[in-house]
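Chain by chain, the residues run as shown.
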There are 2 protein chains.
Amino acid sequence: MKDVHSQCPCMERCPLNRAMELIGGKWKIQIICSLNSNGKTRYNAIKGNLDGVSNNILAKALKELERDGFVTRTEYMEVPIRVEYDLTIKSKRLMPILEALSDWGEENI
Amino acid sequence: MKDVHSQCPCMERCPLNRAMELIGGKWKIQIICSLNSNGKTRYNAIKGNLDGVSNNILAKALKELERDGFVTRTEYMEVPIRVEYDLTIKSKRLMPILEALSDWGEENI
DNA sequence: CGGCATCCTGATGGATACTG
DNA sequence: CAGTATCCATCAGGATGCCG
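Rules and cut-offs
Residues numbered from 1 in each chain as written. Chains lettered and ligands numbered in written order. Predicted model: local features only at pLDDT ≥ 70, side-chain atom pairs only at ≥ 80, totals over all residues. Heavy atoms only, no water. Helix = DSSP H or I, 4+ residues; strand = E, 2+ residues; numbered from the N terminus. Buried < 20%, exposed > 50% of the residue type's maximum accessible area, 1.4 Å probe, protein only. Polar contact = N/O pair within 3.5 Å; in protein donor to acceptor, adjacent residues only side chain to side chain. Near = heavy atom within 4 Å. Nonpolar A, V, L, I, M, F, W, Y, C, P; charged D, E, K, R; others polar.

Re the side chain of B:N17
Among the secondary structure elements, B:N17 is positioned in helix 1 (residues 15–23). Classification of B:N17 as buried rests on a relative accessible area of 7%. A polar side-chain atom of B:N17 sits 3.5 Å from a polar atom in the side chain of A:Q30.

Here you go:
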């Protein structure tokens, strides 16, 4: 029997669209890639790795990524305060897919 | 030798970010999924499959997808005119990755 | 039928300054 | 150090109507 989709399977809240929304922000992929390359990283270090991002935007993106379960935020009660971000398992499971997408991009763009 | 990326590998024009830009538009994934499910499809049929899209936006998205090599546009000189869109090989090679991302989304969102 | 022209609006992104 | 607060710019996305 043939595919019965006359409607796009991506209507409603399909997981693909949802995923795209979650990682689709301007800096989110960069943040995830940076954490993946460098491991646990402090706020200002992330900022240094992302050329041109402002505090406003970076903080907002990190907060969303944390809310959506992509990164963890750990606060160390030192003076001055130290905050480190890291990828969650969930993000790590995403990496091979992002790498596949990257490879696709290299060959097709 | 360990990874030397202190800078995020996604700076500059990395293929991953570029890919995300190309397929990141609000309707583009839906369009691609629809064409993948249904094959060669007419303009108005695509519009019917995408709930709530306006002509303006759909035409713009299709034009961009065509420009970026994701879809082909074939005009049949009939009256009234018939136009059909279809996926390119490039898009078809993208599908397994999108499906992987979709699977990831299903398990992780 | 398959669009394009026009105008509009909200969300996203950003610069700058300031604070616990 | 790691953010907020504020204000501003841009633009993707959308409603509507018209055209070849």
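A word on the protein's contact with DNA strand D
The local shell around DNA strand D holds 18 residues, among which A:N56, A:Y85, B:K26, B:W27 and B:N56 are the closest. Protein-proximal atoms of DNA strand D, defined as those within 4 Å of the protein, fall in sugar or phosphate at a share of 67%. Within the contact set of DNA strand D, a base nitrogen lies 3.3 Å away from a side-chain nitrogen or oxygen of A:N55. A distance of 2.4 Å separates a base oxygen of DNA strand D from a polar side-chain atom of A:N56. Breaking the surface near DNA strand D down by element, the ones donating at least two residues are helix 3 (43–49), helix 4 (55–67) and strand 3 (82–87) of chain A together with helix 4 (55–67) of chain B. Broken down by element, the surface near DNA strand D gets its largest block of residues, 4 residues, from helix 4 of chain A. Partitioned by chemical class, the residues of the surface near DNA strand D number 8 nonpolar, 5 polar and 5 charged.

Some points on the protein's contact with DNA strand C
A:K26, A:W27, A:N56, B:N56 and B:Y85 are the nearest of the 18 residues found near DNA strand C. When the atoms of DNA strand C within 4 Å of the protein are grouped by moiety, sugar and phosphate amount to 66% of the total. B:K63 places a side-chain nitrogen or oxygen 2.9 Å from a phosphate oxygen of DNA strand C. Here B:V83 contributes a backbone N or O atom positioned 3.3 Å from a phosphate oxygen of DNA strand C. At the level of elements, helix 4 of chain A together with helix 3 (43–49), helix 4 and strand 3 (82–87) of chain B are the ones that each hand at least two residues to the surface near DNA strand C. Among the residues making up the surface near DNA strand C, the classes are represented as 8 nonpolar, 5 polar and 5 charged.

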